[in-house]
Amino acid sequence: MGGSVLARLVVVSNRVASPKERAAKAGGLAVALREALGTRGGLWFGWSGETQPNPSDTPKVFRSGRVTYALLTLDPEDQRAHYAGYANGTLWPLCHYRLGLLSFRRADWEGYRRVNEHFARALLPLLQPDDIIWVHDYHFIPLAAELRKRGFEGRIGYFHHIPWPTPDVFLSLPSHAALVQDLSQYDLVGLQTEDDVRALLTYISSEARGWIAPGGVVGLRERRFRVAAFPIGIDATAFVRDAKASVGSDEERRLHESLAGRALAVGVDRLDYSKGLPGKFAAFGELLSRYPQHRSTVTMMQIAPVSRGEVAEYRALRRELEELAGAINGEYAEFDWVPLRYLNRPFQRATLAAIYRTARLGLVTPLRDGMNLVAKEYIAAQNPEDPGVLVLSRFAGAADELTGAILVNPYDIEGMADAMNAALLMPLDERRERWQVNMAKVEGNTIHDWCERFIHELSGAIDHLDNPPKR
Ligand code: ADQ
């Protein structure tokens, strides 16, 4: 089996962007995957969003252009154990270094595996031996193992969108050995950063007794596979276009009028405890407290659409943020100025682009983040003549590339307030220089480059890994 560029692509992800979902809403990743599938023809396999007891192994299949969609319905209890349980109650906190929030229940682990088995059973009859299968994210780590058990020997790649924790943290997971054994059934494992790659390879060599060869080729028991960094990007051209198009739009005019000449600092994050939102709010409060010259002259806007409301920690975070926002506004607001605008809803990409472009400060301060696309979107949306400043957590994957940002430690509230002050006072020359460094990175590695590179490397993967035939 060669690395034919024409082999069919099969994408597996929990959520599938339907063909009707317009680019303005679907987000860069969904659009890029849909394009990659459309170019070579392909299959997108995922959850239908529906549950039903004793669901069928036959997915709902329909075609749109050159893309076939296959959507599977899940058993309600398995779906809960899989999504809210093991994926988002165990793996998500683990990979974001939040051991205090980690819950591990065997029933969730079993439900997680059952959903992966169900996916494999339903996907297998749709596969051709030459297909290239690209599995997305921590919901489906065991999928390759389940497909191999059922006899599929073709190319399977996995991309992990979130951080890979260092071995000392990863070892807290009772199922750590089984999970890495599952990973070894892929041909290519993609992570966001070199730090993530180092963390996984260190675990493999020190704990799993595997070997590592140059180029990230790993030997674990009878399997050979490759681990490499594929930092994800954005559709830079589309963001630049949307941001330019927003100039003079009705929305942009309303935003400017509402600011009445004040500087805008913006944050856009899913309402998630990995995003460091309480610390960001506290740092803004600290800025107003210690640098009173910014009172009444800067407005912060935090856009945080509610996410994973079925997980208790997310509901608690929402309450905490409402309290913090109320406290800051209660303390510092004037009759004609509200310091913090806090919005819990999604926006169209064009509106986000207008807000980013207007903002003098982009505040991206996660406690941990695989990459963080908002940081890149903020850069792409700036006016090159008068760009804003990105304040970026050193613990976001994006910090590796966006070296023109002011890097901060999100645990250091006073340090973040100092960084916001420095960004607000930064002269134009320095803003331009920093922005140019960042923009070169954003344009040099787009979502299209990322897709192509992963598919290209997965296409050729089997040729040099030389795995023995399956049992
Ligand atoms: P997320 O944790 O969701 O992604 P991020 O990379 O910032 O984080 O992507 C969020 C996306 O949603 C951005 O494109 C943003 O524009 C959009 N978005 C956020 N709020 C929105 C709103 N109110 N309205 C409309 N759109 C909104 C995970 C990992 C990240 C990794 C990505 C991609 O956690 O680290 O960068 O996957 O691999």
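On a predicted model such as this, the values are computed, not experimentally measured, just so you know. Counting restarts for each chain: residues are numbered from 1 in the order of the written sequence. In keeping with the predicted nature of the model, local features appear solely for residues at pLDDT of at least 70, side-chain atom pairs appear and are counted solely at 80 or more, and the whole-chain, interface and lining totals rest on all residues.

**A look at the pairing of strand β6 (residues 155-159)**
Operational definition: Any residue with 12 or fewer other C-beta atoms within 10 Å of its own C-beta is exposed, any with 20 or more is buried, and the rest are partly exposed; the C-beta atoms used are placed from the backbone. Starting at the N terminus, helices and strands are each numbered in turn, a helix being any DSSP run of H or I of at least four residues and a strand any DSSP run of E of at least two. Here a strand pair is declared whenever DSSP counts at least two bridges between the two strands. Every crossover in which the path from the first strand over the helix to the second runs clockwise, viewed with the strands pointing away from the viewer, is termed right-handed.
Most of β6 sits inside the fold, with 5 of its 5 residues counted as buried. Residue alternation in β6 divides its side chains into two sets, Arg155, Gly157 and Phe159 and Ile156 and Tyr158, and both sets are buried. As paired elements, strand β5 (residues 132-136) and β6 share 5 bridges and run parallel to each other. Following the sheet pairing, isoleucine 133 is matched in β6 by isoleucine 156. Once you follow β5 into helix α5 (residues 143-149) and on to β6, the crossover reads as right-handed.

**A closer look at helix α17 (residues 447-459)**
What counts, and what does not: Take the number of residues in a helix, subtract one, and multiply by 1.5 Å to get its expected span. Working note: the arc is built from the helix axis to C-beta atom directions.
Across its 13 residues, α17 extends 18 Å between first and last C-alpha, which sits within 8% of the 18 Å expected from 1.5 Å per residue. Restricting attention to buried positions, one finds in α17 the residues Ile447, Trp450, Cys451, Phe454, Ile455, Leu458 and Ser459. With its buried residues spanning 155 degrees around the axis, α17 presents them on a single face.

**Thoughts on the site of the ligand**
Rules: For each residue, a C-beta atom is positioned from the backbone; the residue is called near a molecule or strand if that atom sits within 6 Å of it. Side-chain classes follow a simple rule in which Ala, Val, Leu, Ile, Met, Phe, Trp, Tyr, Cys and Pro form the nonpolar group, Asp, Glu, Lys and Arg form the charged group, and the remainder, Gly included, forms the polar group. An automatic or database domain assignment supplies the residue ranges for each domain.
In the vicinity of the ligand there are 20 residues, among which His161, Pro346, Gly370, Met371 and Leu373 approach most closely. Listed by contribution, the elements that provide at least two residues to the shell around the ligand are α2 (28-40) and α14 (373-380). In terms of residue count, α14 provides more of the shell around the ligand than any other element does, 3 residues in total. Taken together, the residues of the shell around the ligand sort by class into 12 nonpolar, 5 polar and 3 charged. When residues of the shell around the ligand are sorted by domain, at least three fall in each of domain 1 (9-233 + 447-464) and domain 2 (236-444).

**Some words on the sheet that holds strand β3 (residues 60-64)**
This is how the line gets drawn: Helix axes are fitted to C-alpha atoms over the stretch in contact, other axes to C-alpha atoms as well, and angles between N-to-C directions run from 0 to 180 degrees. Remark: residues whose backbone-derived C-beta atoms lie within 7 Å of one another are considered to be in contact.
Read from one edge of the open sheet, 10 strands run β3-β4-β2-β1-β5-β6-β7-β10-β9-β8, paired in mixed fashion. Edge positions in the open sheet fall to β3 and β8 (211-213), since each of these has one partner strand only. On average, each strand axis in the sheet is tilted by 25 degrees relative to the strand beside it, whichever way the strands run. Where α17 meets the sheet, its contacts fall on β1 (9-13), β5, β6 and β7 (188-191), and the angle it forms with β5 comes to roughly 130 degrees.

**A closer look at the sheet that holds strand β13 (residues 340-343)**
Taken together, the 6 strands give an open sheet; going across it, the order is β13-β12-β11-β14-β15-β16, and neighbouring strands pair in parallel fashion. Since the sheet does not close on itself, it has two edges, and those belong to β13 and β16 (406-408), each with one partner. With strand direction ignored, the average angle separating the axes of adjacent strands in the sheet is 20 degrees. Where strand β11 (residues 263-268) and strand β14 (residues 361-364) come together, 2 bridges link them in parallel fashion. Bridge assignment links valine 266 to a residue of β14, and that residue is glycine 362. Strands in contact with helix α13 (residues 349-358) are β11, β12 (298-303) and β14; relative to β11, the strand with the most contacts, it is inclined by about 135 degrees.

**Observations concerning the packing of α14 against helix α16 (residues 428-444)**
This is how the line gets drawn: It is the rotation of the near helix from the far one that decides the hand of a crossing: anticlockwise by less than a right angle makes it left-handed, clockwise makes it right-handed.
It is at 9 Å that the axes of α14 and α16 come closest, and there the two elements cross at 115 degrees. With respect to the hand of their crossing, α14 and α16 are arranged in left-handed fashion. Facing Lys376, Ile379 and Ala380 of α14, the residues of α16 in contact are Trp435, Asn438, Met439 and Val442. Looking at the contact of α14 with α16, its residues break down into 5 nonpolar, 1 polar and 1 charged.

**Overview of the confidence of the model for the chain**
Here is the rule: As a per-residue measure, pLDDT reflects the predictor's confidence and takes values from 0 up to 100.
For the chain, per-residue confidence averages 94 on the pLDDT scale, and residues scoring 70 or more make up 96% of the total. Of all helices and strands in the chain, the one with the weakest mean pLDDT is helix α1 (residues 23-26) (57), whereas strand β15 (residues 389-393) scores best (99). Both scores are available for the predicted complex, with the pTM at 0.95 and the ipTM at 0.98.

**Describing the packing of helix α10 (residues 250-259) against α13**
Basically, it comes down to this: Should an angle lie under 35 degrees it is considered roughly parallel, over 145 roughly antiparallel, and from 65 to 115 roughly perpendicular; all remaining angles are considered oblique.
For the pair α10 and α13, the least separation of the axes is 10 Å and the interaxial angle reads 40 degrees. It follows that α10 is oblique to α13 by the angle criterion. Taken as a pair, α10 and α13 cross one another with a handedness that is right-handed. Taking contact as the criterion, the partners of Glu251, Glu252, Leu255 and His256 in α10 are, on α13, Thr351, Ala354, Ile355 and Thr358. For the contact of α10 with α13, the class distribution of residues is 3 nonpolar, 3 polar and 2 charged.

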